[in-house]
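One-letter residues, chain by chain:
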Amino acid sequence: MTKMKIAKFISISVLLFPLYGYALEIEREEILQPPPRPYVEHIYLAQESIVAFFEVTNIDAYKKLIPSIFNMPERPVCRVVMNNFYKMESAPTYFEAVVQILVKFRKRQSGEEMLAWHYLGLTVTSKEALLGRLGGYPKVLRKVTFEYHANKYTGTSYGRDGQTPTLKLILELKNGRPTRDEKRFLDFVSPIPGLTIKDGKAINRGVVGGGKYKIYELEKAAPKIWTIAFGDCTIEYPNDPNNYLHRLGIGKFITGFWVDQKYRYKIPSKEE
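Residues numbered from 1 in each chain as written. Predicted model: local features only at pLDDT ≥ 70, side-chain atom pairs only at ≥ 80, totals over all residues. Heavy atoms only, no water.

## What about the overall build of the chain?
Helices and strands together make up the secondary structure of the chain, namely six helices and 13 strands. Classification of the 272 residues of the chain by burial places 53% in the buried group. Restricting to contacts in the chain with at least 6 residues of sequence separation, those with at least 24 account for 69%. On the chain, roughly 13,500 Å² of surface is accessible, and the fraction owed to carbon and sulfur atoms is 52%. (Helix = DSSP H or I, 4+ residues; strand = E, 2+ residues; numbered from the N terminus. Buried < 20%, exposed > 50% of the residue type's maximum accessible area, 1.4 Å probe, protein only. Contact = heavy atoms within 4.5 Å. Areas by Shrake-Rupley, 256 points an atom, 1.4 Å probe, with all protein chains shown as cover.)

If you want it as structure tokens, here you go:
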């Protein structure tokens, strides 16, 4: 998709949605509220996800969205993910929508700089999943849907009214493997972990790519665990200054994929 087509698509998408995005001030108050109790440990067994990476056009807004604990990276990137946690060992199944931006972080002990994904927005569909607020996740309870029709995956996150989309990610599958440039980018992002902020400290939540393995080789290495298909992504969001994606000015699509993974895990927690 050319830059002109992407720009045209985003401008049309913005016009299609009413002015109803993430109400950031309201959500800031919301994520500071204590989550429901009692605690339910989340142990995951299977999930499918739509993962997409985009360039951004509003660098000033990007800088303003980075907390003081982090720094600006050399390459600004936005990562958008729609998760369907459809099989759990404990806790209810749920959907999730994630918006992250790439940041730099200097480790307290070693002084070493590392790249990380900072969570801007995180929408979940179960009250139990809101317990992640205790670990620094900016979680809010909203409606999220995950659909598949005619070779196309669509994940949609809705506003407080439960009817108005605030984020719609569409992945249209394509034949073949990722291009050389896409592989290089995936190799770059695979080892980058997600960091939350708790009590002013950065907490490492593990990698959100393929880790030490190449994402595009996972299915071949472990077909019983991984199923992956690549595609072209488009994204829709409202023309609302309170919407993270609108603020960032989502630009060129870099790469994206659908993945189904079947293995048991818990989200790690390590102070950096």
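## What to know about the pairing of strand β1 (residues 43-56)
Taken across its 14 residues, β1 has twelve buried, putting it largely inside the fold. Relative to strand β12 (residues 250-265), β1 is paired through eleven bridges, and the arrangement is antiparallel. Following the sheet pairing, V51 is matched in β12 by F257. (Pairing = 2+ DSSP bridges.)

## Side note on the packing of aromatic side chains
Given two aromatic rings, their pairing is described by the distance between the two centres and the angle made by the two planes. Applying the stated criterion across every chain, the model contains 16 aromatic pairs. Taking 5.7 Å as the distance between ring centres and 55 degrees as the angle between the ring planes, the aromatic pair formed by F230 and F257 counts as tilted. Here F257 lies in strand β12 and F230 lies in strand β11 (residues 226-236), a separation of 27 residues in the sequence. With respect to class, F230 is no different from F257; both count as buried. K143 extends its terminal NZ or CZ atom over the ring of Y158, reaching a point 4.6 Å from the ring centre. (Phe/Tyr/Trp six-rings, centres within 6.5 Å; stacked < 30°, edge-to-face > 60°. Lys NZ or Arg CZ within 6 Å of the ring centre and 35° of its normal.)

## A look at the environment of K107
With respect to the secondary-structure elements, K107 resides in the loop between β3 (94-106) and β4 (113-124). With 165 residues separating them in the primary sequence, K107 and E272 have C-alpha atoms 5.7 Å apart. Apart from the residues lying within four places of it in its own chain, the contact partners of K107 are E112, M114 and E272.

## Structural notes on the pairing of strand β9 (residues 193-198)
Note that β4 and β9 share two bridges and pair parallel. When the sheet's bridge partners are listed, H118 is paired in β9 with L195. Two successive antiparallel strands, β9 and strand β10 (residues 201-207), enclose a turn made up of two residues, where D199 displays a positive phi of approximately 55 degrees.

## What about the pattern of salt bridges?
All chains considered together, the criterion is met by 17 salt bridges. Ionic pairing is found between E112 and K107, a salt bridge with its closest N-O pair at 3.7 Å. Relative accessible area serves as the criterion here: at 44%, E112 is assigned to the partly exposed category. Taking the shortest distance from any N to any O, the salt bridge between E272 and K107 comes out at 4.0 Å. In this pair, E272 is assigned in the segment after β13 (270-271) and K107 in the loop between β3 and β4, connecting sequence segments 165 residues apart. Using a relative accessible area of 22% as the deciding quantity, one classes K107 as partly exposed. (Salt bridge = Lys/Arg side-chain N within 4 Å of Asp/Glu carboxyl O.)

## What to know about unusual backbone geometry
A positive phi angle, near 50 degrees, is found at A150, a position not held by glycine. Within the element layout of this structure, A150 appears in the loop between β6 (144-149) and β7 (152-158). The phi dihedral of N151 falls on the positive side, at around 65 degrees, and the residue is not glycine. By secondary structure assignment, the location of N151 is in the loop between β6 and β7.

None of this, on its own, says anything about what the molecule does.
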